[in-house]
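Structural overview for review
Residues per chain are reported as follows:
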Amino acid sequence: MSQSFQIECSDRDGIRLLSISGYLDAHTAPAFERAIENELRSGNVRLVVDCTGLTYISSAGLGVFMSYLEEIREKGGDIKLAAVKPKVYQIFDVLGFPQLFDIVDTVEDAEGRFGLQGGARDGRL
Amino acid sequence: MSQSFQIECSDRDGIRLLSISGYLDAHTAPAFERAIENELRSGNVRLVVDCTGLTYISSAGLGVFMSYLEEIREKGGDIKLAAVKPKVYQIFDVLGFPQLFDIVDTVEDAEGRFGLQGGARDGRL
Amino acid sequence: MDAFERTFALHVPSSTGNLAMIRDFVASIGAKAGFDDNEVARITLAVDEACANVIEHAYSLDETRQVTIRATLDSQDLSFEIVDNGRGFEPSQVSEDDVAELIRQRKSGGLGMRLIRAVMDDVKYQITPGEKNELRMVKHIKRG
Amino acid sequence: MDAFERTFALHVPSSTGNLAMIRDFVASIGAKAGFDDNEVARITLAVDEACANVIEHAYSLDETRQVTIRATLDSQDLSFEIVDNGRGFEPSQVSEDDVAELIRQRKSGGLGMRLIRAVMDDVKYQITPGEKNELRMVKHIKRG
Ligand SMILES: Nc1ncnc2c1ncn2[C@@H]1O[C@H](COP(=O)(O)OP(=O)(O)O)[C@@H](O)[C@H]1O
Ligand SMILES: Nc1ncnc2c1ncn2[C@@H]1O[C@H](COP(=O)(O)OP(=O)(O)O)[C@@H](O)[C@H]1O
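Conventions we followed
- Residues numbered from 1 in each chain as written.
- Chains lettered and ligands numbered in written order.
- Predicted model: local features only at pLDDT ≥ 70, side-chain atom pairs only at ≥ 80, totals over all residues.
- Heavy atoms only, no water.
- Disulfide = S-S within 2.5 Å.
- Buried < 20%, exposed > 50% of the residue type's maximum accessible area, 1.4 Å probe, protein only.
- Salt bridge = Lys/Arg side-chain N within 4 Å of Asp/Glu carboxyl O.
- Helix = DSSP H or I, 4+ residues; strand = E, 2+ residues; numbered from the N terminus.
- Near = heavy atom within 4 Å.
- Polar contact = N/O pair within 3.5 Å; in protein donor to acceptor, adjacent residues only side chain to side chain.
- Areas by Shrake-Rupley, 256 points an atom, 1.4 Å probe, with all protein chains shown as cover.
- Nonpolar A, V, L, I, M, F, W, Y, C, P; charged D, E, K, R; others polar.
- Least-squares fit on C-alpha atoms with pLDDT ≥ 70 in both.
- Contact = heavy atoms within 4.5 Å.
- Pairing = 2+ DSSP bridges.
- Expected span 1.5 Å × (residues − 1).
- Bend = angle between axes of the 7 residues up to and from the residue.
- Axes fitted to C-alpha atoms, helices over the stretch in contact; angles between N-to-C directions.

Residue and element names in this part refer to chain A. Under the criterion given, the structure shown has 0 disulfides over all chains. You can see C9 has no disulfide; the closest cysteine sulfur is in C51, sitting 13 Å from it. In this structure C9 comes out as partly exposed when scored by relative accessible area, which is 39%.

Structure, rendered in structure tokens:
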């Protein structure tokens, strides 16, 4: 599993950036879930997930996004997805995720949207 | 097969450069063999095979080098291998190819050796 | 592509750690069938989901069990059969809440079968619990 | 790695076009066994050579035949079995001229079996022509 999926975390202007790479499937989703849990436990609710290096996602990975969205928005934050490759985006698309999640082209866009909205939910749900 | 193995040919100072990429196995070796046949038919016997893009070789690929070496050297030329990746080089090594073939680090080195030796065989066999 | 039918099969221990291998297997066959990269990725997803369900639900992560994926490729269709002899279930009783509702309920699961159905042209379960549970799914090959 | 034995199997039509799939299969298992990249490449080569021989010699490029590769991984060994029911041959009668001699004779073949023997720790053929020809090869796993 070591080379199959990686998460790198960093802080950018009060926003927590999680850069994920490799594949997010039933095998690696638990590691991603632990990372999100960690952020919530540390009180970080303004999350940007940089998907530049994400090569694949299956329902187990999608499920992690799905299960934390409500809690994060309730706490005044959001989980925004940035730089999703077309091959991966089409999977989000099949399930209508783009209507429910804030998915933007670049990490900067995601940060900008936090700036505009403060921590508030963007009212799409 | 289209994306699995490619050959690009070019001329450099009276030397014929064949750049091969992808994998050279029992499936793709016939295409490489045809390319070498072509060169011989056109009278090109000073050949450098640039292996920069070669990711894999099996006995079928090694066999192409093996079967033409004698004829090419008899005609006053040579087939030199350049820029073989370590993972591929170890396969040449298992069979003692480095003692029989002129395998060098770069295409420039290979060209240089043709310069020094003219078209003559290098006496290693 | 040739006229005759070609069959492929892969057997791996029932572990999510083997899903990547399963995806490589499916992607190779998808490319042989002439599907483009995006289509190959979707077909690969469908088989991954089906196998993840076998590994997690049918065999409850028991790595001593085996997952078998059979693929058949002819000039019209690429079909996959995933067979298990595990727990079994009643596919018609699996509820399909919409995703907004699943999010409200903070669910992390329940997406797999709908992804399979969204991607493949034909999806059939044949369940005989404890004996043999079979999922057969077909993707038509569109010729240009 | 876990203590129990894990088995994997791949079945593909007997065509050199499927050797790349076979190599992906072997490389995945080699990595699971903990071999480094260079070792994985050598093991992959050995299985490729064995399968290429089945495809070309045992089945004479008849794509309607099937090649089966079985892999077994435990804490000590990674083993492969390649079984065919094709032509058969007498491994001890295959001459092993040295490479310089093959070059003098302008041969393009005759390297496969020596590569297999050079790479693997144990190589055994069991030949029953027309019935079942089996090649079993083992690579020991060295623990650091
Ligand atoms: N092969 C299977 N064996 C047993 N139960 C299954 C199988 N496939 C699906 N199920 C059942 O159907 C439910 C829905 O599956 P799915 O839509 O893939 O979502 P998830 O796997 O995330 O729960 C599963 O929770 C499980 O109860
Ligand atoms: N699985 C097999 N079935 C039948 N004959 C085989 C098989 N494997 C090897 N052989 C025979 O052994 C010979 C030597 O094989 P090998 O060393 O791999 O070289 P090559 O395949 O290039 O001839 C082959 O030419 C063939 O006659």
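The next point concerns the pattern of salt bridges. This model, assessed by the stated rule, comprises 35 salt bridges over all chains. For the salt bridge of A:E39 with A:R16, the shortest nitrogen-to-oxygen distance reads 2.8 Å. One end of the pair, A:E39, is in helix α1 (residues 29–41); the other, A:R16, is in strand β2 (residues 15–24), and 23 residues separate them in sequence. Residue classification places A:E39 among the buried residues on the basis of a relative accessible area of 3%. Of the charged contacts in the structure, one is a salt bridge between B:K80 and B:D78, with a shortest N-O distance of 2.9 Å. In this pair, the class of B:K80 matches that of B:D78, namely buried.

Bringing the site of ligand 2 into the picture now. Residues and elements named next belong to chain D. Within the structure, ligand 2 sits among 13 residues, and N53, H57, G110, G112 and M113 are positioned closest to it. Contact distances for ligand 2 include 2.8 Å between an oxygen atom and a backbone N or O atom of G110. Within the backbone of G112, one N or O atom sits 3.4 Å away from an oxygen atom of ligand 2. Across the complex, the protein chains shield 81% of the 530 Å² of accessible surface that ligand 2 would expose by itself.

Let us look at the side chain of A:K80. Turning to its location among the elements, A:K80 is positioned in strand β4 (residues 78–82). A polar contact is formed between the side chain of A:K80 and the side chain of A:D78, at a distance of 2.9 Å.

Residue and element names in this part refer to chain C. Taken together, 13 residues surround ligand 1, and among them N53, H57, G110, G112 and M113 come closest. H57 places a polar side-chain atom, nitrogen or oxygen, 2.8 Å from an oxygen atom of ligand 1. G110 is positioned such that a nitrogen or oxygen atom in its backbone is 2.8 Å from an oxygen atom of ligand 1. Contributing elements (two or more residues each) for the shell around ligand 1: α2 (37–58) and α4 (112–119). Per element, the largest residue contribution to the shell around ligand 1 is 4 residues, and it comes from α2. Taken together, the residues of the shell around ligand 1 break down into 6 nonpolar, 6 polar and 1 charged.

Next up on the list: the relation of the copies chain D and chain C. When chain D is fitted onto chain C, the two copies agree to an RMSD of 0.0 Å after a turn of 180° and an axial shift of 0.0 Å. Expressed as a symmetry operation, the mapping of one chain copy onto the other fits a two-fold axis. Using C-alpha coordinates, one finds that chain D approaches the rotation axis most closely at D:L10, a distance of 2.3 Å. Looking at chain D, 100% of its interface residues are interface residues in chain C too, so the copies touch through the same face.

Before going further, it helps to examine the interface of chain D and chain C. Taken together, the contact pairs 20 residues of chain D with 20 residues of chain C. Applying the counting rule to chain D against chain C returns 0 salt bridges. Joining chain D to chain C, the criterion identifies 9 residue pairs in polar contact (both at pLDDT 80 or more). At the level of secondary structure, the elements contributing two or more residues to the side of chain D that touches chain C comprise β1 (6–13) and α1 (19–32) of chain D. Looking at the side of chain D that touches chain C, the element that brings in the most residues is β1(D), giving 8 residues. Taken together, the residues of the side of chain D that touches chain C sort by class into 9 nonpolar, 6 polar and 5 charged. Here strand β1 (residues 6–13) of chain C runs beside β1(D); their pairing, made up of 3 bridges, is antiparallel. Residue pairing in the sheet places C:H11 in a bridge with D:A9 of β1(D).

On to the arrangement of the chains. As for chain B relative to chain A, no contact occurs, and the smallest C-alpha gap between them is 19 Å. Between chain B and chain C there is no contact; the minimum C-alpha to C-alpha separation amounts to 10 Å.

Residues and elements named next belong to chain A. Along its 16 residues, helix α2 (residues 59–74) runs 24 Å from first to last C-alpha, staying within 8% of the 22 Å computed at 1.5 Å per residue. At Y68, α2 is bent by approximately 35°, the largest bend along its length. Among the 16 residues that make up α2, 13 are buried, leaving the element largely enclosed by the rest of the structure. The first or second residue beyond α2 is G76, which carries a positive phi of 85°.

A few words now on the sheet that holds strand β5 (residues 102–104) of chain B. Residue and element names in this part refer to chain B. Across the sheet, 5 strands lie side by side as β1-β2-β3-β4-β5; this open sheet has mixed pairing. Strands at the two margins of the open sheet, each flanked by one partner only, are β1 (5–12) and β5. Ignoring which end each strand starts from, the neighbouring axes of this sheet average 25° apart. Alignment of strand β4 (residues 78–82) against β5, held across 3 bridges, turns out to be parallel. Looking across to β5, one finds that L81 is bridged to I103.

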